[in-house]
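Analysis of the macromolecular model
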Amino acid sequence: QVQLVESGGGSVQSGGSLGLFCAVSGDAASTYCMGWFRQAPGEEREAVASITRNGWTSYTDPVKGRFTISQDNARNTLRLRMDSLKPEDTAMYYCAADYWGCTGFTYWGRGTQVTVSS
């Protein structure tokens, strides 16, 4: 059973950067499609970025050019580098895993809060 634990959240000023990490245990992250999602209060959960077992990445339009998803298979960790942060990026960020594809994420972490002030 896959377990995911996020870390790295915090508070930053607009234009700043943060790096989020997801520690994966119970299975190899390299055999899954891994993703980052976020959810702000009163908003629906949004897919931020994903990376397949082959290394292909995908991003939602609002973060393209600012966020970078990567995976360290040796350490079994997932990272989300966030640059040029905006107040609109404020949300709880979740790590997720999908064994069968990139559209049915079934394993989730508990989240890490990111707050961006103007």
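Structural notes, computed from the coordinates.

Thresholds applied
- Residues numbered from 1 in each chain as written.
- Predicted model: local features only at pLDDT ≥ 70, side-chain atom pairs only at ≥ 80, totals over all residues.
- Heavy atoms only, no water.
- Helix = DSSP H or I, 4+ residues; strand = E, 2+ residues; numbered from the N terminus.
- Buried < 20%, exposed > 50% of the residue type's maximum accessible area, 1.4 Å probe, protein only.
- Contact = heavy atoms within 4.5 Å.
- Salt bridge = Lys/Arg side-chain N within 4 Å of Asp/Glu carboxyl O.
- Pairing = 2+ DSSP bridges.
- Core = buried A, V, L, I, M, F, W, Y, C linked by side-chain atoms within 4.5 Å.

1. Regarding the side chain of Ser50
- Secondary-structure assignment places Ser50 in strand S5 (residues 46–51).
- Looking at Ser50, the relative accessible area reads 14%, which means it is buried.
- With residues up to four places along the chain from it excluded, the contact list for Ser50 reads Cys33, Met34, Gly35, Trp56, Thr57, Ser58, Ile69 and Phe105.

2. A look at unusual backbone geometry
- Unusually for a residue other than glycine, Asn76 sits at a positive phi of about 55 degrees.
- Counting through the fold element by element, Asn76 comes out in the loop between strand S7 (67–72) and strand S8 (77–82).
- Positive phi, normally seen in glycine, also occurs at Ser84, with a value near 50 degrees.
- According to the relative accessible area criterion, Ser84 is partly exposed, its value standing at 40%.

3. Quick notes on the pattern of salt bridges
- Per the counting criterion, the structure on display carries five salt bridges.
- Two residues, Asp89 and Arg66, come together in a salt bridge whose shortest N-O distance is 2.8 Å. A residue pair is termed long-range when its members are at least 10 positions apart, and Asp89 in the loop between S8 and strand S9 (91–98) and Arg66 in the loop between strand S6 (57–59) and S7 qualify at 23 residues.
- Owing to a relative accessible area of 1%, Asp89 belongs among the buried residues under this scheme.

4. A word on the environment of Thr115
- Take Thr115: it is sitting in strand S11 (residues 112–117).
- The exposure class assigned to Thr115 is partly exposed, which follows from its relative accessible area of 30%.
- The sequence separation of Thr115 and Gly10 amounts to 105 residues, and the corresponding C-alpha distance is 6.2 Å.
- If we skip the residues at most four places from it in the chain, Thr115 touches Gly10, Ser11, Val12 and Thr90.

5. Details of the pairing of S9
- The buried count for S9 comes to seven of eight residues, which makes it a mostly enclosed element.
- Inspection of the sheet shows strand S4 (residues 33–39) paired to S9 by seven bridges, in the antiparallel sense. Across the sheet, the residue bridging to Met34 is Ala97, located in S9.
- Relative to S11, S9 runs antiparallel, the two sharing three bridges. Paired with Met92 across the bridge in S11 is Gln113.
- Pairing of S9 with strand S10 (residues 107–108) involves two bridges; the strand directions are antiparallel. Looking at S10, one finds that Ala96 is bridged to Trp108.

6. Let's talk about the nonpolar core
- If you look at the biggest cluster of nonpolar residues, it comprises 27 residues, and the most contacted ones within it are Met34, Trp36, Leu80, Met82 and Tyr93.
- Aside from chain neighbours lying at most four places away, what touches Met82 is Gly16, Ser17, Leu18, Leu20, Arg66, Phe67, Tyr93 and Val114.

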